[in-house]
Amino acid sequence: MTNQDSVNLSGVYEKSEKIKISLEGKKLEKVKNQASENSEQFWSEQAENILWFKKWDKILDSNPPFYKWFVGGTLNASFNCLDRHINTDLKNKAAVIWESETYESRVLTYYQLYTSVNKFANGLKNLGVKKGDCVTIYLPMVPELMIAMLACARIGAIHIVVFSGFSAQALSDRINDSNSKVVITADGGLRRGKLIELKKVVDQVIPLCPSIKHVIVLKRASNNIKINSKDVWWHDVIETQPYCEPEAMESISPLYILYTSGTTGKPKGVVHSSGGYLTYLYATAKWVFNFTNKDIFFCTADIGWVTGHSYIVYAPLMHGVTQIMYEGTPDYPQPDRYWNIVEKHGATILYTTPTALRMYIKFGDRIPNNFDLSSLRLLGTVGEPINPEVWMWYFKVIGKENCPIVDTWWQTETGGIMISGCTGIDAVPMKPGSGSFSLPGINAVVVDESGNPVDRDKKGYLVITRPWPGMLTTLWNDKEKYQTTYWKKFDNNIYFTGDYALYDIDGYIWLLGRADDVLKISGHRLGTMELESAFVSHRAIAEAAVTSRPDEKKGDSIIAFLVKRTEFNTLSDQQLRIEITSHIRDSVGPIATPGEIYFVNKLPKTRSGKIMRRLLKSISSGSSTIGDLSTLEDGTSIEEVRQAYSELHEAIK
Ligand code: WTA
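These numbers come from a predicted model, not from an experiment.

Asks: Can you walk me through the nonpolar core in this structure?
Replies: Across soluble globular proteins, nonpolar side chains show a tendency to be buried alongside one another. Membership of the largest hydrophobic core comes to 170 residues, with the highest contact counts inside it found for L113, I184, F289, Y311 and Y314. Taken domain by domain, this core gets at least three of its residues from each of domain 1 (11–441 + 455–501) and domain 2 (517–652). Beyond its immediate stretch of four places on either side in the chain, L113 contacts L82, A95, V96, L108, M146, I147, L150 and L317. Ranked by size, the runner-up nonpolar core spans 33 residues in total, among them Y326, A356, M359 and I367.

Shown next, in the form of structure tokens:
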């Protein structure tokens, strides 16, 4: 059995028996049965938990793969997150506790957040932003990012959040693809004590983005910036009336677009609806985290990624939970920030990534042991498989063997958690490294190349065989890609996740990594093709092939094989490596910094000209078995790659 063998599980089973919420998962089974008996009815019951201006006429309009949930219903996302609480006891409760990199805290109550959102929504309207317009948000992790998103939702504008660690190219691609009217940014952000000049990046892209009419600038770092004709300060924009009527949005209207990497060079604009998405988030957050309004939820994601959208903004706010929003990195200025924040604010749930945990493990147990972590009642992970050793460390050192761990599997496209333990329904013994089970209403199946279910304990492709309300509705401007990427590999109504998985003999699901060319670097999604085009945009590079190698800290580390243009053959490899690394950091962002760069004369390709990444991957992982070479275009090039690799590896050592 996969990961299980490497850890002695007996203790964990006993411990997890101890912390089970009730016995044997019977209740979970019952809810799952209800969901499968009449799935539409089941989801419509979940939809009753959110607030509708008008109820839907039809639960699901099925025109595979274009599914529409709660057709005819109208609602507003910001109303569901804010207005629903302000006439209750939660009015003056903390909605957000923000913690800066420099240990400064700021609290916004539900009422304060509500007022700020209303004012900013009016400000956007005054700038001419209307229902259905796109607004790009390029802000650091500050509460204004959340305010901007909710203000867009309030007036029916579609938000596109761009991770503030991305560079100019990524920003302009997203603005242009979505045709955004406004971009919201800050003078600068702070990361590891350094100033990130966001406004400067925006200034670079504005001449390339004709759709932008206004640039809203938040004063955050107080650095000197150039003021241009389209610029307007955030603090001037919010000089408006304190109430803005929320737009009644069709359930199927887009709430946001979030661009994510796929297997082609161009990021895909994943579109999430309003009614289906919010229904799914509300239900699944209750099942997985068992949110109550006593919770102080610390989700360590950046809002630039889907985890932040769903589990810092929409799900916790709908539930009236207090969330902690942290501006910085886990190890700056000290490698104790998460523990310090848990203790300082009494977090009850910590939801983080295996990458962050692996980093903390390296600094030893003494650091977390110095903090009082006893407020925690539940731990969660997301984004990549968690190795059982890391799971055990999280369970023992952080949770002190008192907190269940939910290993949550999902994707930008799925909107919310699809596979996880469900502490809000029932608990079953945990298996370190397994995602447990699919959530009620989610039919996750592992199939072979022909789409037939495989036996227990056999690896295959993970597919979802039934639509669910949180699903993406389409890809922005690209219906065809939506169909071909997700719905064509097997059958028109089977969703292909792009992941490998297996069910073990006890029926637990194990997630086994991507089956396509998507890389997970520190839990962030990057496409190999996207990276390759960034490499070849450097003047000295003719061809590029990118693969990854397991990395102790980052999960995966980027390895690039590059072919130089002949006129640059004389440049020293070392000099070029430095130049290219900085080019990638500038063009994609620091998260794409390559771990290793190798120069070769030729890349291994199939006869039809496709780069054989499988071969590159086995070479870079040091595997001696490469597999079938029959489709290799030119058998010598693989030797060349192998040789280049080993020579360089030697040199690096
Ligand atoms: C991977 C992040 C194993 C998976 C929410 C998926 C995971 C991709 C897990 C989506 C997990 C996410 N265990 N792998 N618990 N969670 N993944 O779109 O490969 O950034 O397809 O969404 O992350 O990444 P995305």
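Asks: Even after reading the chapter, I still don't get the pairing of strand β20 (residues 405–408), so can you show me in this structure?
Replies: Working note: regular strand, side chains alternate between the two faces of the sheet. Covered by surrounding structure in β20 are I405 and D407 together with V406 and T408, the residues of both alternating faces. Where strand β19 (residues 378–382) meets β20, four bridges bridge the pair, whose relative direction is parallel. Bridge pairing in β20 links T381 to D407. For the crossover that starts at β19, traverses helix α15 (residues 388–398) and ends in the parallel β20, the hand is right-handed.

Asks: So what exactly am I meant to see when it comes to the site of the ligand here?
Replies: Surrounding the ligand, one finds 17 residues, the nearest of these being D407, T408, T412, R514 and R525. Separating a nitrogen atom of the ligand from a backbone N or O atom of E384 is a distance of 3.3 Å. The contact in question runs from a nitrogen atom of the ligand to an N or O atom on the side chain of D407, over 2.8 Å. If the ligand stood free it would expose 530 Å²; the protein chains cover 97% of that surface. Residue assignment for the shell around the ligand shows that the elements contributing at least two residues are α11 (306–318), β20 and β27 (509–514). Broken down by class, the residue content of the shell around the ligand amounts to six nonpolar, five polar and six charged.

Asks: Any chance you could explain the domain arrangement of the protein here in plain terms?
Replies: It is common to report an interface's size as the accessible area lost on association of the parts. Once the domains are mapped, the protein shows domain 1 (11–441 + 455–501) and domain 2 (517–652). Computed over C-alpha atoms, the centres of domain 1 and domain 2 are 32 Å apart. With 25 residues of domain 1 in contact, the opposing surface of domain 2 contributes 24 residues. Between domain 1 and domain 2, the buried area comes to about 1800 Å², and carbon and sulfur atoms account for 52% of it. Contact with domain 2 buries surface across domain 1, with S261, T263 and W305 losing the most and accounting together for 27% of the total. Between the two partners, domain 1 and domain 2, sit one salt bridge. Among the salt bridges present, the one from R525 reaches E413, with a minimum N-O distance of 2.9 Å. Inspection of the domain 1/domain 2 interface yields twelve residue pairs in polar contact (both at pLDDT 80 or more). Breaking the side of domain 1 that touches domain 2 down by element, the ones donating at least two residues are α7 (168–178) and α13 (354–362). At four residues, the largest contribution of residues to the side of domain 1 that touches domain 2 is made by α13.

Cut-offs applied
Residues numbered from 1 in each chain as written. Predicted model: local features only at pLDDT ≥ 70, side-chain atom pairs only at ≥ 80, totals over all residues. Heavy atoms only, no water. Core = buried A, V, L, I, M, F, W, Y, C linked by side-chain atoms within 4.5 Å. Buried < 20%, exposed > 50% of the residue type's maximum accessible area, 1.4 Å probe, protein only. Domains from an automatic or database assignment. Contact = heavy atoms within 4.5 Å. Helix = DSSP H or I, 4+ residues; strand = E, 2+ residues; numbered from the N terminus. Pairing = 2+ DSSP bridges. Right-handed = clockwise from strand over helix to strand, strands pointing away. Near = heavy atom within 4 Å. Polar contact = N/O pair within 3.5 Å; in protein donor to acceptor, adjacent residues only side chain to side chain. Areas by Shrake-Rupley, 256 points an atom, 1.4 Å probe, with all protein chains shown as cover. Nonpolar A, V, L, I, M, F, W, Y, C, P; charged D, E, K, R; others polar. Buried area = accessible area lost by both parts, 1.4 Å probe. Salt bridge = Lys/Arg side-chain N within 4 Å of Asp/Glu carboxyl O.

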